[in-house]
Structure formats: C-alpha cells, structure tokens
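These are the residues of each chain, in order.
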Amino acid sequence: MTTVKLTIDGAEIVAESGLTILEVARRSDITIPTLCHVEGKASSDPCGVCVVEVAGQEELVYSCRTPAEQGMVITTTSDRIVAHRQKRLGVLAETHFGDCKAPCNLTCPGQINVQGYIAHVAKGQYEEALRLVMERNPLPFSVGRVCPRFCETRCRRILVDEPVSINHLKRFVADWCMSHEIQLDIPKEAHTGKRIAVIGGGPAGLTAAYYLTRKGHDVTIYEAASKLGGALRYGFLEFRIPRDVLDYEIDTILRLGISVKLNQRWGRDFTIQGLKDQGFSAVFLGTGVGVDIPLDVEGAFNPHVHKAGSYLRQVANGRNPDMGRRAAVIGGNNVAMEVARTLIRQGVDEVTVIYPRARIEMPAHQRNIREAVKEGAQFLLMASPVKISETGGEYSRLQLELVRMKLGEPDSRGNREPIPIEGTSNTIQVDSIVSSLGQIAVNDVFTGGELEESIQLSPRQTIQANPRSSQTNVDGVFAAGDAVSGPKSVIQAVVSARRAANNIDAYVMGADKEPAESRFNFSRGKAFDDVDLKNFDGVNVKLREKMPTRPPEICSQDFGEVKLGFTEKMARREAERCLSCGCSAFDRCDLKRLSIDNNVNINKTGMGTIPVYPTDASHAMIVVDRNKCVFCKRCELSCEYDALEVAAESLDDKGRPLGLTITFKDNCVSCGKCVDNCSTGALNKKAQIVPMQSEVITDVRSTCPYCGAGCQIILRVKGKTVMEVTADPHQAPNYGALCVKGRFGHEFIHSKERLTKPLIRKNNVLVEASWDEAYDYAARRLKDIKAMYGPDSIAGFSCARATNEENFLMQKFMRTSIGTNNIDHCARL
Amino acid sequence: MAISFGSGAMTNSIGDIRESEVIMVIGSNADTSHPTIGLRIHQAVKNGAKLLVVDPRRTAFADEADIWLRSNPGSDVALLNGMARVIIEEELWDKDFVEKRTENFEELEIVTAKYTPEMVEKITGISEEQLRAAARLYASPGKRCAIFYGMGLAHHASGTDNVKSVANLAMLCGKMGVAGGGVNPLRGQNNVQGACDMGALFNTLPGYSGLENDDVFDRYEKMWQVTLPRRKGKAATEVWDAILEDEIHGLYVFGEDPVLADPNAHHAVKALEKLNFMIVQDIFLTETAKMADVVFPAACYAEKDGTFTCTERRVQRVRKAVNPPGEAKPDWQIFKEFSQRMGYAMNYSKPEDVFDEVTQLMPQYGGITYARIEKEGLQWPCPTADHPGTPILHVGKFTQGRGLFIPEEYTAPTEMPDGEYPMILTTIRETPQYNFGSMTRQTPEIENLCPEAFAEINPEDALRIGLVDLDRVEVTSRRGSVRLRVKVTDKSQPGTVAIPYHFAEVPVNNLTLNSLDRLSRSPQYKICSVKVEKVAA
C-alpha cells in the first residue's frame with residue numbers, strides 16, 4: 001500500500017493513497033460537513049458544503065472529489081470557508097419549504113412536542129404520548145382540563161375547518177393511563193446528594209420538585225395546607241379537576257421519590273435560614289398568590305362578604321359556607337367564573353357577576369365565561385359596587401349599591417378606563433357577596449426571619465425574580481410561578497418552574513445551564529395570512545370530535561366533572577385530524593443542523609413560501625415531500641438496487657432544481673434505505689409520524705429477528721417504544737442494507753395482541769393465571785405423565801427464532817428435567 | 001452436508017460473495033427469503049460474476065442468469081448427477097483436490113455414469129446442451145465458484161439427497177475452502193443455525209456431538225450433574241404419529257405454531273386434539289396456543305439479551321431495548337424457573353451465564369464471549385480466546401479430515417401429478433412477509449404492500465382452466481383445500497401452482513404432504529399434487 005503524508009488543520013496525517021481529502025479526514029476523525037456525500041459515491045451535482053482550503057491553491061476545493069496528495073496542507077474551517085458554506089446553504093434555504101416544528105408546538109408556553117403526542121395517540125401509543133407530555137409538563141391531568149390552550153389558537157387546521165382538540169387529547173392520554181394503571185417509569189438521573197427545599201405544593205412547587213428529582217436531587221416539599229395541590233386543589237373545584245384525578249396526578253410525581261412535609265407554614269413553622277442550616281443547597285419559592293385583593297367599598301367588612309380565594313378554599317375543604325339564595329360575584333377574572341359556578345353548585349338560586357366593563361373585555365377566558373352562562377350565572381355589566389349595607393332581614397341580607405359605568409376617553413396608550421356615570425345608582429339585594437379582584441403573593445412583606453423580610457417584591461406584590469436565572473435577591477433562593485408572575489395559567493406556572501428547576505440544578509451543581517434550544521425554524525408561514533391555502537389541497541373537512549359533556553342543568557346541581565373526556569375511538573379519530581405540520585425528520589435533518597452550525601440566518605435568506613409540489617404517498621412505505629428536497633441525491637446514491645431516480649427538468653441560475661421528480665422504479669424493494677439517508681424531510685417513513693425533538697432517544701444495536709442473514713440493526717427507542725429501525729453502514733454482515741421487514745416490520749413488538757399473562761385451561765377455556773399457578777400446574781401435569789408413561793412420552797419443540805441461550809436451555813430442560821432426547825426445532829419447516 | 005464435509009453450516013461468508021466468479025443458485029429465491037444476501041448476489045453479477053440458476057420458478061435470478069435451468073420440480077438429484085457426469089466426462093474436475101482431500105470418488109463415478117444427458121433430460125426437462133453448458137460454467141477450472149441453496153432444495157422428501165449431491169459437485173470441482181467458493185445453505189429463520197448448534201435436535205447434543213459419543217456424554221453429565229438419556233429422540237415431524245399411536249402424551253411447544261406450519265396440518269391438529277397435555281410458550285396466542293393447556297407469555301427479541309447465530313455462522317448479540325408487555329418474561333427466565341419446579345435447578349442470573357456454559361461445553365464456541373462480540377459478531381469455529389473466528393470452512397482440510405462423496409440415486413417425489421390432481425403445488429415466500437405473518441402482519445404498511453396470498457399460475461394453465469387474473473379458485477389436494485385469488489404469471493412453470501404460506505386465512509399446509517426426508521426428517525413442502533378449480537367470487 002502506498003501512502004501520502006499531508007496536514008489537515010495542523011495535524012500530520014499519513015493516509016492510504018488514492019483517497020479523497022474527505023475520506024482521509026473522516027478516517028482521522030476530522031469532521032468536514034457535507035450534505036450530499038454518500039460513502040464510495042460521487043454526486044453529479046455536489047452540494048458545495050464540503051469545501052476546504054489547500055495551501056497554494058487560490059480556489060476552495062471540494063474535499064469529496066479532490067484526491068489527497070503528498071504534502072498538501074489543508075484547512076477545514078476559516079471565515080472564507082464558513083462564508084462559502086453559508087452561501088451554499090442559504091441558496092438551499094431560500095426555496096426549502098416546510099415547518100421544522102409545528103405551530104402548536106411553537107405556541108405552547110411549555111414548548112411541548114404537541115404533534116408528537118398527537119401522533120402517538122393516532123398510533124394507539126397512549127403511554128408513550130403521556131410520557132412525551134411529561135417531558136415538559138408534569139401536570140397533564142390538570143392542564144388537560146383547565147388549560148387556556150394557546151396551541152389550539154394557532155392550529156393550522158383552522159384554515160380547513162376547526163383546530164384539533166389538542167388539550168382533550170392530552171387529557172385523554174392521562175386519563176387512559178390512570179384507568180389502565182400504567183406505571184410510567186419516568187427515568188431519573190444519577191443521585192447527586194444535593195438537597196433542595198421546595199416551598200409550596202401547588203403547580204409551580206410540584207413542577208420544580210418533579211424536574212429537580214429527575215435531575216437526581218433530594219427534594220422536600222413544604223406545604224402549608226394539609227394536602228398538596230395548591231391552586232389545583234383550592235382554585236379549581238372538583239367539577240373542573242376531580243379530586244381522585246388530582247391525587248393520582250400528584251402521586252405520579254411523588255412516586256419519583258420526593259419528601260413531603262404538610263401543614264408547614266413558611267415563616268411560622270420554618271424559615272429559609274433554618275432550611276439552609278439543615279443543609280439544603282437551594283430553596284425554591286412556589287407559594288403562588290394566596291392573598292386576595294380586598295374589596296374596598298363601604299360595608300365590605302361583613303361576614304356575608306367573602307373573598308374569592310378563601311371562599312373556594314372553604315368549599316374545597318368540604319365546609320359549606322352559608323351563601324343564602326342570592327349571591328353577587330364582584331370581578332370578571334377566571335377565579336370569578338369558578339366562584340359563580342361553585343355558588344350555583346352550592347344551591348344558590350341566583351348568581352350575578354358584576355363587572356365594570358363589557359363581557360368581551362372580561363379578563364376571564366371566554367370559554368370559562370360561556371360555561372358560567374350556560375349554568376345560569378347572570379351578568380350585570382358596566383356596573384361597579386359603591387356600598388354594602390345590611391338589610392336586617394333573614395332573606396336578602398345585604399343591600400349592594402352599584403353605580404353605572406361608561407368607558408372614558410382613551411388615554412395615551414388608547415386604553416379606555418371605565419368611569420362612573422354620576423347619579424346612576426342602582427341597588428340589588430343579595431344574601432352574600434364574593435369579591436374576586438385579583439390575588440397577590442403577599443400583603444406587605446414576607447415574615448418569619450431576616451431573609452424572609454429581605455425578599456424583594458415587585459410593585460404588584462409578587463416576588464421579584466430574575467426572569468432568566470429565576471433567582472431572587474437572596475442567594476440560593478429561587479422563585480417561579482404565580483408568586484412571581486401574578487395569577488396566570490397553570491401551564492405558565494409549569495414553564496417558569498421548569499426553568500427554575502434547570503437554573504437550580506446548574507446552581508447547585510456549579511455547572512453551566514443547558515444551552516437553550518435553537519430557535520432555528522423553517523415555517524410554512526408564521527401568521528395564518530402567510531400560509532398558502534394550497535397547503536391544504538386534498539384535506540377534507542372533518543369537524544372536531546365533540547367532547548361528551550353533562551348538560552348544564554344537571555351538572556350544575558352537583559360537583560361532578562362537567563366534561564367527561566374522549567373515548568378511545570374519539571381520541572383516535574381526533575388525532576387523525578392532525579395535519580402533521582412539523583417535520584418528522586426533525587432529529588436527522590442535515591440542512592437544519594448545518595445551517596445552525598454555520599449560522600445561516602433563514603430570516604434573512606428567506607425560505608419557500610408556497611408548496612410547489614403535492615405530497616406523494618403512492619409508495620407503500622414512504623411519503624415523499626419534494627418541497628423539502630435540496631437535490632442532494634443521497635437517496636439515489638445510497639440505493640443499492642438502483643431503484644430510485646431524482647431528476648429535474650432544469651436547474652435555476654443558482655443550480656436548484658425546477659420540475660423536480662423523485663421516482664421509485666419498479667424494482668424498488670421498499671427497503672427504506674433511502675429514507676434513512678435523506679438529508680431533510682423529503683423522504684419519510686409512513687409509519688414514523690412522531691417527530692423526535694429534545695426527547696432522549698437510545699440506540700440499541702441488535703440482530704434482525706427475521707431470516708438467517710443476521711443483519712445488524714439499530715433499534716431507536718424512546719421511553720418504552722421502538723420508534724424506528726435503522727442500520728449501521730459500517731457493520732458486517734449487511735453494511736447498512738436491510739429488507740422491508742428488517743427496517744419496517746417491527747410493529748409486532750408493541751402489538752396489542754401480545755400475550756401478557758400466563759393462561760391455564762379451565763373448563764375448556766383459557767383463563768389468565770399467575771406465574772406460580774401456571775408453573776405449578778404445568779409441572780404437576782408433566783410429572784404425572786412422566787410417572788405414568790416414562791420420560792420419552794414427552795416431546796419438546798424448540799424455536800429457531802429464539803436466542804442461542806434459550807435453545808440451549810430448552811434442550812437442557814428436555815434432557816435433564818424431563819430426561820428425553822425428544823427435542824427438535826422447526827429448522828426443517 | 002454434515003456427512004459429506006463434517007459440518008452442515010454455510011461454508012463461506014456473505015461478504016465472500018463479491019469474490020465469486022461464478023455463482024450457482026439452486027432452489028433459493030434469496031430476493032424473497034434472504035433479501036440482503038440476494039442483493040449481494042445481484043451486485044456480484046453486475047460486477048461480472050457469472051450466474052447459474054436452477055429453479056422451476058422464474059425468479060429475478062432466473063431473469064438475470066447466464067444460464068437458467070428450469071428443471072422439473074423434485075428432479076434436482078438427477079440434474080446434479082448429470083452435471084457431475086458431464087464434468088467427469090469432459091475432464092473438468094479438480095483431480096488434485098479430489099485426490100488429496102476427498103474419498104469415495106469411485107463410487108461417485110459409478111453412480112453418476114448412469115445419468116446420461118438423455119436420461120437427465122427425461123427426468124428434469126433440461127436439454128443436453130443446457131446441461132453441458134451449466135456443468136462447464138460451474139466447473140470453470142481455476143475459478144472461484146459458489147453454490148447457494150435454500151429451502152427449494154431441502155424441502156423435499158429427497159432433501160438430504162439433494163444436498164449431498166450439491167456437496168459432491170463442489171468437491172468434484174475443488175470449490176471448497178476458497179474465498180468465493182463453497183456450499184452455502186441459506187438458513188430460513190434468524191437462528192436456525194443457532195438452534196442446531198445448541199443441540200435443539202433429536203439426534204445430537206449441543207455442538208453436533210452424536211448420541212453415541214460417550215466421552216461427550218460424560219462431560220455433559222459431569223457439568224450438569226445428571227444422568228442423560230442416550231436413547232434417540234423423535235424428530236418434530238414424527239411426533240404427530242407418535243401421539244396418535246399413544247407413544248407421546250405431553251408436548252412442550254416453544255415459539256412454534258405447528259397448526260399452521262406443519263405439512264398436512266390437519267394431521268397435526270388431529271394429534272393435538274388427542275394429546276393429553278400441552279404447554280405453549282409464545283409471544284402471541286397462536287393457533288397452536290389456542291389448543292394448549294398452559295400458555296407461558298414470552299418476551300420477543302427486542303425485550304431480552306442473548307445471541308443469534310446467523311447463516312454464515314456468525315454469533316451476534318441481541319440486546320434488550322424495551323420491557324416485555326405485562327407479565328411476559330424472557331424465555332431463558334421461564335426455562336430457569338420452570339425447571340426449578342420440575343426439580344432440576346438452573347442457576348443463571350442472566351443470559352450471559354448461559355452463554356458461558358455453552359462456550360465451556362462446545363469447542364466451536366469456546367473462544368467467544370459477550371465482550372468479544374460487543375461490536376461485531378464472530379464466526380465459529382472459534383475455539384480459543386485469541387482465535388479470530390472462521391470466515392471460510394474447510395480451508396486446506398475438511399472438518400472431518402477428508403471430504404466424503406456420497407452419491408445418491410434419483411427418486412421421484414412421493415406424490416406426482418395424476419389425472420385427478422394434475423398440477424404440482426409448491427409453497428413460497430413473499431419478501432415483505434415472514435413465516436406465518438404473526439410478526440410482519442402487525443405492520444399496516446407491510447400488509448398494504450402484501451395483503452393477501454395469490455396462487456401463481458402459468459398463463460398456459462390459466463387458459464386451459466379458464467382463469468384470468470384475480471379469479472377466485474379452490475386448490476385441492478388429497479388432504480385439504482384452500483380458496484384464494486390467482487395471479488397469472490410465467491413465474492410459475494406450466495403445470496405448477498405456487499402459494500405463499502404466510503397467511504392464516506389461506507392455510508396452505510392443509511394441502512402439503514407430510515412425507516419426510518428419510519434422514520433429516522424434513523417435509524416435502526415443495527411438491528404435492530393438486531387440482532385447481534375456478535369458484536365464484
């Protein structure tokens with residue numbers, strides 16, 4: 001073998017002669033990025049990404065086709081090279097058309113892989129769907145019931161008919177796993193030995209505890225109430241979040257191994273200093289907004305005038321405050337709607353919500369307002385309380401004096417504040433009043449110790465915490481959730497607490513924070529107006545599934561849940577409505593990876609705006625989206641059967657294809673190698689519809705279970721599910737080649753028809769049994785036969801599909817335990 | 001092959017295919033049964049290797065072949081003997097090899113002398129000209145010539161005779177023990193090789209030590225602390241008669257579905273109905289499991305650790321990727337626990353412990369450990385810890401010393417077409433499906449690709465019976481009948497009908513014959529006589 005000596009990036013390399021620069025670099029573990037390269041093949045239209053500098057040569061050279069020669073001095077990165085790569089990638093980006101992530105995913109405050117869990121539902125993988133949700137949201141049961149559903153507002157299906165009922169699907173998978181007693185087995189990192197105190201057992205506290213525990217820390221939750229849940233338990237009553245569901249949800253989190261101290265009020269029973277003295281490395285404050293803003297009108301200090309938070313808490317605790325037959329609710333926020341609906345359930349005949357603006361301007365979510373209206377709440381709008389007095393009577397105990405309001409002149413920002421209309425007083429008579437004017441974290445300052453008192457607060461009486469680091473002004477004390485932001489949705493509390501958990505982890509471990517996920521994203525159109533309707537050619541109108549709901553006149557009589565949840569069939573049908581906007585090649589796209597690596601700014605280069613080509617699903621196993629094709633031809637080059645052709649009618653002035661065709665020839669054997677070699681999402685496996693984003697994917701190398709060729713395969717596992725199967729091009733005996741079975745035929749692993757329990761025939765029917773019963777029964781019968789007819793009256797068939805170890809044990813069993821050579825297998829069958 | 005060479009495994013390696021100058025494929029449509037191996041053969045042919053195909057069916061190999069012998073079904077021995085005769089007559093044989101490395105050549109010469117081209121043509125339908133061309137191509141002195149065969153050769157009542165005749169031919173031409181040569185059976189299932197190696201056989205202990213070998217028995221008995229039975233056992237295919245004759249009362253079926261798989265399946269069902277007690281251990285409730293008294297739910301390949309040995313004798317790792325569903329357990333664990341209940345303790349905490357025992361007992365595996373095959377499998381024999389494995393068997397010397405020529409006479413298939421059942425049925429595979437479909441048919445896209453069984457029938461026969469594509473027919477043998485649609489194609493030889501066996505709704509083994517090879521006890525899946533009649537859709 002003759003060799004050449006050359007230098008790459010300063011390293012002296014001796015290489016076999018006759019190789020290209022790219023091959024030499026790869027063998028020396030030097031990465032030169034390429035888009036179109038397939039080992040042993042040369043593209044007719046090189047992508048131009050693999051350029052390098054060779055000393056003494058003016059032009060950059062393509063490393064994939066330049067032979068490595070004696071004495072070459074090669075540089076693989078420089079400003080000039082990067083600029084060239086940027087330019088080449090930019091040209092491709094200009095016309096690349098598709099979404100990296102789906103709009104639902106991008107809109108979700110939690111950045112949940114929404115399309116992913118919907119796809120899991122469509123495939124019947126509910127457990128995996130729930131685990132995927134819980135990667136980013138540990139409260140799927142609650143959020144699945146009360147979320148304002150930011151995602152659904154951006155669902156592209158709106159441009160066809162109605163958005164996908166995303167949140168109902170989230171609730172479905174959570175409920176399904178509960179009713180099927182699924183052990184989620186959520187993974188935890190190695191134990192760190194660090195102790196962290198979480199103050200407050202509501203959405204923020206539970207979330208922080210969940211993620212910190214998953215990071216391997218010892219977490220203790222301190223909760224002032226006698227039960228965990230916080231706002232989930234005391235802000236939403238049973239008809240929104242049933243208690244058994246909430247308890248199950250909390251239990252799912254605690255099962256990770258979290259200590260809980262109940263009835264421990266911060267500042268009274270313990271202090272931050274005390275926690276630090278006990279050895280806690282960090283403290284998380286997730287105390288929420290437990291203080292109601294009081295009603296500031298004359299006569300408000302009256303036993304029949306309640307504050308929303310404390311009223312709901314009383315009812316949640318099973319106390320039944322006397323609210324009489326008529327009640328007024330003052331305020332228009334979400335809590336006010338909960339209060340109105342709770343009053344109706346308590347048997348109050350007439351509930352009136354009083355708000356100084358129009359209904360449309362209420363801060364409550366319109367969906368919540370509609371529910372309250374349906375259940376009989378009345379609204380007295382453009383009115384504001386001025387005075388409360390007692391009537392002295394047994395009924396209509398209170399007299400509430402109101403003033404009519406109108407909207408004033410717009411201020412500098414265009415807001416029109418309501419102002420009283422002089423002389424328009426109006427009086428109503430009620431038995432009780434509940435004010436819901438908003439909530440704050442603390443009245444004055446936190447108390448109990450020096451550190452408590454020193455915690456800086458915002459002007460809105462919430463905790464001041466750095467939005468990036470989650471840190472308060474007290475070292476080692478972090479805060480998140482409503483306690484920082486004021487009242488927000490549960491998912492927003494989850495998001496901020498998740499971020500805080502990551503910050504705390506970095507703080508206690510003295511490590512850098514995990515880098516934020518790149519925001520690089522191709523989009524078919526950021527706003528609805530930008531989305532070309534051609535995207536939906538061939539999509540038929542199919543309205544969303546109707547959530548089974550108890551009629552308002554009945555459900556408002558009790559505290560039972562109003563919305564009953566999707567059935568499995570409904571969930572499957574609803575999941576199938578998903579348009580799967582996001583790219584199923586998210587995890588493997590080289591165009592994205594290289595663009596990020598080389599700082600290509602696609603907002604500057606621009607990207608495709610209309611679908612030039614329809615999606616082609618005519619192949620049995622593969623879906624083709626030519627709009628994503630960058631003409632790298634890796635599919636064609638990697639096809640070992642010469643069964644795929646990528647062609648263009650012509651090329652534009654920048655070398656991009658016009659009139660692109662990707663054709664599977666008649667000799668295609670559906671082995672799918674082209675898909676695994678696609679540099680973008682132009683080729684997709686029909687069955688692999690779950691985009692894989694930041695989830696942990698484990699590659700497990702194994703041997704194909706089909707024919708005797710012994711092909712080496714890689715099982716890509718997420719959670720407990722084999723997502724897809726690929727092969728390593730460098731591994732004998734198949735060197736990356738697989739057949740249609742080897743790459744696609746693995747769905748049987750997760751088949752619902754798999755046997756899950758031992759069976760014993762009783763009264764001529766196979767019934768489920770325990771392993772002990774099955775073993776004992778089988779052993780007794782075999783021993784009886786052996787005793788009566790001798791060992792050769794028993795025969796065994798071994799299995800040519802099972803492992804060597806198992807075949808060995810089977811024959812050993814027959815020869816030792818039974819004592820016969822009546823052992824054979826199906827090799828001849 | 002074991003008798004001819006001392007080892008019955010593929011003699012060469014898959015990677016070796018690119019070294020071959022001539023490839024003879026007999027009774028294998030590797031494109032459907034071993035697609036990645038088929039691919040390598042096609043690639044070798046594209047790169048200049050000559051291809052000789054013996055197959056009654058027009059396969060993709062047949063289309064590509066330099067010579068395609070469309071011999072009559074079941075006539076392989078006559079054809080191979082005829083080829084040997086031509087090779088001897090034309091002095092194309094490797095005299096040096098035969099002299100130095102083989103014995104019993106004289107016998108071969110005597111037996112094959114009878115197979116004149118005329119006689120061969122009568123039996124096989126192959127003309128003298130084609131026969132001679134094929135013989136010359138395979139013999140090509142000095143060239144590397146490989147033989148690949150599949151179940152098309154073995155699944156006959158004369159299966160072992162076929163195989164011995166192939167071995168004779170390879171030795172005669174000196175194609176053994178060289179890269180790009182050899183005799184290469186393609187194993188049908190992922191671990192047939194391993195199951196045989198491990199002694200899941202009625203006539204040998206692990207490692208092919210026959211039941212008559214006392215030294216080996218002593219070693220096993222010492223290791224296992226038990227007295228082992230030395231009586232010959234019953235082959236799987238003999239068990240049904242044994243049940244019906246009250247010899248066998250209990251059956252332990254591990255991962256098999258004889259109700260669908262066995263030839264003349266009605267016969268098997270009848271036996272199972274009579275059986276006193278049956279355990280089935282499987283991943284699905286198979287047709288056989290439905291008849292069991294106890295069913296043990298097992299883990300599938302992705303749910304356990306272990307090794308498979310593929311057709312090129314390469315021992316490779318299987319790794320656990322996910323948990324088994326519900327309470328299902330890995331088979332090794334079931335054996336361990338059940339054996340305990342039966343009163344014989346098996347102390348293994350993991351599959352690797354079992355493997356270590358295997359390597360202590362079996363010299364072929366002696367040098368293999370999980371650590372050594374972590375990245376890439378090793379090909380046995382690999383007797384010592386520093387042995388690199390054996391890509392090519394019989395280099396310089398046969399495993400048993402000298403190769404033994406065992407000439408066999410042609411015998412006609414047990415059942416041949418007659419007036420009542422005028423056509424030959426042969427069972428085949430489709431690429432996307434596997435065995436009885438319990439695995440592949442769970443993938444919807446594969447089902448779409450290959451959703452139903454079609455009876456493939458030659459245009460001549462179609463015309464005669466009055467059939468067009470997609471007509472519905474009833475195919476009947478003396479043992480049973482199935483209904484399905486037809487595909488009219490010249491892939492099938494005139495007078496034959498081919499039906500894939502993957503589909504439970506078309507249980508084609510209700511038709512096949514349980515006539516067995518006298519040595520290996522392999523059934524004659526590939527030939528039985530049937531009639532084909534059109535029925536209403």
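Residues numbered from 1 in each chain as written. Chains lettered and ligands numbered in written order. Predicted model: local features only at pLDDT ≥ 70, side-chain atom pairs only at ≥ 80, totals over all residues. Heavy atoms only, no water.

S.K.: Please explain the overall build of chain B as it appears in this structure.
M.R.: Looking only at helices and strands, chain B features 20 helices and 23 strands. Over its C-alpha atoms chain B spans a radius of gyration of 23 Å, differing by no more than 12% from the 24 Å that the globule rule assigns to 537 residues. For chain B, the C-alpha atoms occupy an extent of roughly 65 × 65 × 45 Å along the three principal directions. Expressed as a percentage of its 537 residues, the buried residues of chain B come to 65%. (Helix = DSSP H or I, 4+ residues; strand = E, 2+ residues; numbered from the N terminus. Rg over C-alpha atoms; globule rule 2.2 N^0.38 Å. Buried < 20%, exposed > 50% of the residue type's maximum accessible area, 1.4 Å probe, protein only.)

S.K.: For this particular structure, what's the right way to read the sheet that holds strand S27 (residues 721-726) of chain A?
M.R.: Hydrogen bonds between backbone groups are what pair the strands of a sheet, and the pairing can be parallel or antiparallel. Residue and element names in this part refer to chain A. Read from one edge of the open sheet, 3 strands run S25-S26-S27, paired in antiparallel fashion. The open sheet has two free edges, formed respectively by strand S25 (698-703) and S27, since each of these has just one partner strand. With strand direction ignored, the average angle separating the axes of adjacent strands in the sheet is 35°. Where S25 meets strand S26 (residues 712-718), 6 bridges bridge the pair, whose relative direction is antiparallel. Counted as the bridge partner of Arg-701 is Ile-714 from S26. (Pairing = 2+ DSSP bridges. Axes fitted to C-alpha atoms, helices over the stretch in contact; angles between N-to-C directions.)

S.K.: Help me understand the pairing of strand S18 (residues 472-476) of chain B, please; the structure alone is not making it clear to me.
M.R.: Look at any regular strand and the pattern is simple: side chains alternate between the two faces of the sheet. Residue and element names in this part refer to chain B. Along S18, 4 of the 5 residues are buried, which leaves the element largely enclosed by surrounding structure. Direction of pairing for S18 relative to strand S19 (residues 481-488): antiparallel, over a ladder of 5 bridges. Across the sheet, residue Thr-476 finds its bridge partner in S19, namely Ser-481. In sequence, S18 turns back onto S19 through a hairpin of 4 residues. Pairing of S18 with strand S23 (residues 528-534) involves 4 bridges; the strand directions are antiparallel. By the bridge assignment for S23, Glu-474 is matched with Glu-533.

S.K.: Please clarify how the pairing of strand S1 (residues 3-8) of chain A should be interpreted in this entry.
M.R.: All names here are of chain A. The pairing of S1 with strand S2 (residues 11-16) spans 6 bridges and is antiparallel. Directly across from Leu-6, in S2, lies its bridge partner Ile-13. For S1 and strand S5 (residues 73-75), the ladder comprises 2 bridges, and the chain directions are parallel. From the neighbouring strand, Ile-8 faces S5, where its bridge partner is Ile-74.

S.K.: In this structure, what is going on with the side chain of Asn-190 of chain B? I would like to understand it.
M.R.: Following the sequence through the fold, Asn-190 of chain B ends up in the loop between strand S6 (183-185) and helix H12 (192-197). Within polar-contact distance, the side chain of Asn-190 of chain B engages the backbone oxygen of Arg-801 of chain A at 3.1 Å. If sequence neighbours within four positions are ignored, Asn-190 of chain B has contacts with Cys-704, Pro-705, Tyr-706, Cys-707, Gly-708, Ala-800 and Arg-801 of chain A together with Phe-308, Thr-309, Cys-310 and Tyr-434 of chain B. (Polar contact = N/O pair within 3.5 Å; in protein donor to acceptor, adjacent residues only side chain to side chain. Contact = heavy atoms within 4.5 Å.)

S.K.: Quick question: what am I supposed to make of the confidence of the model for chain B here?
M.R.: Caution applies to low-pLDDT parts of the model: their predicted coordinates are not meant to be read in detail. The pLDDT averaged across chain B works out to 88; a share of 96% of its residues lies at or above 70. Of all the helices and strands in chain B, strand S22 (residues 523-524) of chain B carries the lowest mean pLDDT, 66, while strand S11 (residues 294-297) of chain B carries the highest, 97. (pLDDT = per-residue confidence, 0-100.)

S.K.: Any chance you could explain the nonpolar core here in plain terms?
M.R.: The nonpolar side chains of a soluble globular protein tend to be buried, and buried together. Counting 104 residues, the largest nonpolar core has Leu-715 of chain A together with Ile-41, Phe-296 and Phe-338 of chain B as the members making the most contacts within it. Counting residues per element, this core draws most heavily on helix H26 (residues 771-789) of chain A, which supplies 8 residues. Setting aside chain neighbours within four positions, we find Phe-296 of chain B in contact with Trp-771, Ala-774, Tyr-775 and Ala-778 of chain A together with Tyr-252, Ile-279, Val-280, Gln-281, Asp-282, Ile-334 and Phe-338 of chain B. Grouped together as the second largest cluster of nonpolar side chains are 75 residues, Val-173, Ile-241, Val-490 and Met-570 of chain A included. (Core = buried A, V, L, I, M, F, W, Y, C linked by side-chain atoms within 4.5 Å.)

S.K.: Sorry if this is basic, but what is going on with the interface of chain B and chain A here?
M.R.: Reports often express the size of an interface as the amount of accessible area lost when the parts come together. Taken residue by residue, the interface counts 149 residues in chain B and 106 residues in chain A. Summed over both partners, the interface of chain B with chain A buries about 10,900 Å², with 61% contributed by carbon and sulfur atoms. Looking at the side of chain B facing chain A, the largest losses of area belong to Tyr-301, Arg-341 and Met-342 of chain B, adding up to 7% of the total buried there. Viewed at the interface, chain A and chain B are joined by 9 salt bridges. Here the side of chain B that touches chain A gets 9 residues from one element, more than from any other, and that element is helix H17 (residues 331-341) of chain B. Here the residues of the side of chain B that touches chain A are counted per class, giving 80 nonpolar, 37 polar and 32 charged. As paired strands, strand S30 (residues 794-798) of chain A and strand S9 (residues 250-254) of chain B are joined by 4 bridges and run parallel to one another. The residue of S9 of chain B that forms the bridge with Ile-794 of chain A is Gly-250 of chain B. (Buried area = accessible area lost by both parts, 1.4 Å probe. Salt bridge = Lys/Arg side-chain N within 4 Å of Asp/Glu carboxyl O. Nonpolar A, V, L, I, M, F, W, Y, C, P; charged D, E, K, R; others polar.)

S.K.: Help me understand the side chain of Arg-240 of chain A in this model?
M.R.: All names here are of chain A. Among the structural elements, Arg-240 can be located in the loop between helix H10 (231-234) and helix H11 (243-254). A distance of 2.2 Å separates the side chain of Arg-240 from the side chain of Glu-338, its partner in a polar contact. In this structure Arg-240 touches Arg-145, Val-146, Glu-338, Arg-341, Asn-368 and Glu-561, once residues within four positions along its chain are discounted.

S.K.: I'm lost on the sheet that holds strand S7 (residues 218-222) of chain A in this one. Help?
M.R.: All names here are of chain A. Taken in spatial order, the 5 strands line up as S8-S7-S6-S9-S20 in an open sheet, and their pairing is parallel. Both outer strands of the open sheet, strand S8 (259-261) and strand S20 (477-479), are each paired with one neighbouring strand and no more. Shown here is a sheet whose adjacent strand axes are inclined to one another by a mean of 20°, direction ignored. With respect to the sheet, helix H18 (residues 490-509) is in contact with strand S6 (195-199), strand S9 (282-285) and S20, its orientation differing from that of S9 by roughly 170°.

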